[in-house]
Amino acid sequence: MTKSLLLPRAEGALYEYTPGKASSFAVPAKPFTSRIAFSAAHVVCDPLADSDPLHSAKIDWDATLGYRRHLWSLGFAVAEAMDTAQRGMGLDWERSKELIRASIKEARSVGGKIACGAGTDHLLPSPSVTINDVEAAYEEQVSFVEGEGGQVILMASRALAACATGPEDYERVYGRILSQVKQPVILHWLGDMFDPALAGYWGCKDDLDAAMDVCLRVIRANADKVDGIKISLLDAGKEIKMRRLLPQGVKMYTGDDFNYPELIKGDEQGSSHALLGIFDAIAPAAAQALHALDAGDLARYETIMEPTVALSRYIFQKPTYAYKTGIVFMAYLNGHQSHFRMIAGAEGSRSIIHLAELFVLADRAGLLADPELAIERMKPLLALAGIRPQ
């Protein structure tokens, strides 16, 4: 019989909660084929490293690479050194290079697909930063990723957002970088809900349609160098509109952690592939759902995906950039890592009430692989908040 535990409500009252049965997502050995699905993967902190956890936390390489093997085993491609890995929010460029190199090597050893983030995060925005500086920073990171044999995900640039004076600066920078890449890249348009420093990206403040026009001009001018674009705007309508305007052969990778089931399923005019942070947390369910989509079983696809949406929307609630805490929390609950410690101390970015509700939503979505283990993992966190069994 499954044990229960005391969880806190928003008003501070405690209630007893008993999880349901363990999840049982049977995933076929063959990969799903109807969609390309990248999971942005989190980084596991070494909790025993004797270093400053806020500024120089160490990576637990065994657990970090082990989680990537887990994702590959389910059929996912890995999007490496992205926002989910706390890129620019605890993971700097020097450690990103270590991560990219190690993950590309691991991908080769298991036959996994991988693409890696290249941006300008080693160039801190300041009044002295110029467009030339941004181009040089992009060139350095793109050169590193391609030099390691990886596909590039061209990330949005805080430095470019800070120094650009209009859309023409974005078209210049992206045009220069895309003209130099060795293989087609995935562009990444990250909304300011994920990173406030990216407000007004593409040189169009408070006008997503105008920003989309600029981005589409960049893509059309360089279509042979663009594999696809991931947009993370949490706006299904904008994604569908842009998807229908993309040049032939350029893919849309949904980054919408609120509306991904409908966008991946698609409509009579097309569908989105995926590059999602939430897939890190819901990988077994998402893999089974994608196999159902392969089989044309839309009812089964929707039945599996629907319960994950409430969990995802909760994990990605405002402030959206704190979603990484929920992603790592799920890996901890499910036994993929032995602790709940994060780079830059980000485990403290969500309240115990938030984590308690996340526990319940994960259980309702069937995403607790072993409910009794999850209970034992939850107890120390509750005790830290002064909640102990009566």
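Our structure's up above, just so we're on the same page.
The rules behind each value
- Residues numbered from 1 in each chain as written.
- Predicted model: local features only at pLDDT ≥ 70, side-chain atom pairs only at ≥ 80, totals over all residues.
- Heavy atoms only, no water.
- Core = buried A, V, L, I, M, F, W, Y, C linked by side-chain atoms within 4.5 Å.
- Buried < 20%, exposed > 50% of the residue type's maximum accessible area, 1.4 Å probe, protein only.
- Contact = heavy atoms within 4.5 Å.
- Pairing = 2+ DSSP bridges.
- Helix = DSSP H or I, 4+ residues; strand = E, 2+ residues; numbered from the N terminus.
- Axes fitted to C-alpha atoms, helices over the stretch in contact; angles between N-to-C directions.
- Salt bridge = Lys/Arg side-chain N within 4 Å of Asp/Glu carboxyl O.

Q: What exactly am I supposed to notice about the nonpolar core here?
A: Grouped burial of nonpolar side chains is what soluble globular proteins tend to show. Counting 128 residues, the largest nonpolar core has Phe-76, Trp-189, Tyr-201 and Phe-279 as the members making the most contacts within it. In this structure, Tyr-201 is in contact with Tyr-138, Ala-156, Ser-157, Leu-160, Ala-161, Tyr-170, Tyr-174, Trp-189 and Ala-211, ignoring residues within four places of it in sequence. Of all hydrophobic cores here, the second largest spans 11 residues; its members include Met-82, Ile-153, Ile-186 and Leu-275.

Q: What exactly am I supposed to notice about the sheet that holds strand 6 (residues 151–154) here?
A: Each strand in a sheet pairs with another by means of backbone hydrogen bonds, the pair being arranged parallel or else antiparallel. Spatial ordering of the closed barrel is given by 3-4-5-6-7-8-9-10, a layout of 8 strands whose pairing is parallel. Neighbouring strand axes in the sheet, compared pairwise and without regard to direction, differ in orientation by 25° on average. Looking at chain direction, strand 5 (residues 114–118) and strand 6 are connected through 4 bridges and run parallel. Counted as the bridge partner of Ala-115 is Gln-151 from strand 6.

Q: Would you explain the pattern of salt bridges in this entry?
A: Where charged atoms of side chains with opposite charge meet at close range, the side chains can pair. Under the defined criterion, the tally for this structure stands at 20 salt bridges. The partner of Asp-83 in a salt bridge is Lys-324, with the nearest N and O atoms 3.5 Å apart. Placement of Asp-83 in the loop between strand 4 (77–80) and helix 2 (93–110) and of Lys-324 in helix 11 (residues 323–333) is noted, with a sequence separation of 241 residues between them. With a shortest N-O distance of 3.6 Å, Arg-243 and Asp-267 are connected by a salt bridge. With Arg-243 in helix 7 (residues 236–245) and Asp-267 in the loop between helix 8 (260–265) and strand 10 (273–276), this residue pair connects regions lying 24 residues apart in the sequence. On the basis of relative accessible area, Asp-267 is assigned to the partly exposed category, the value being 28%.

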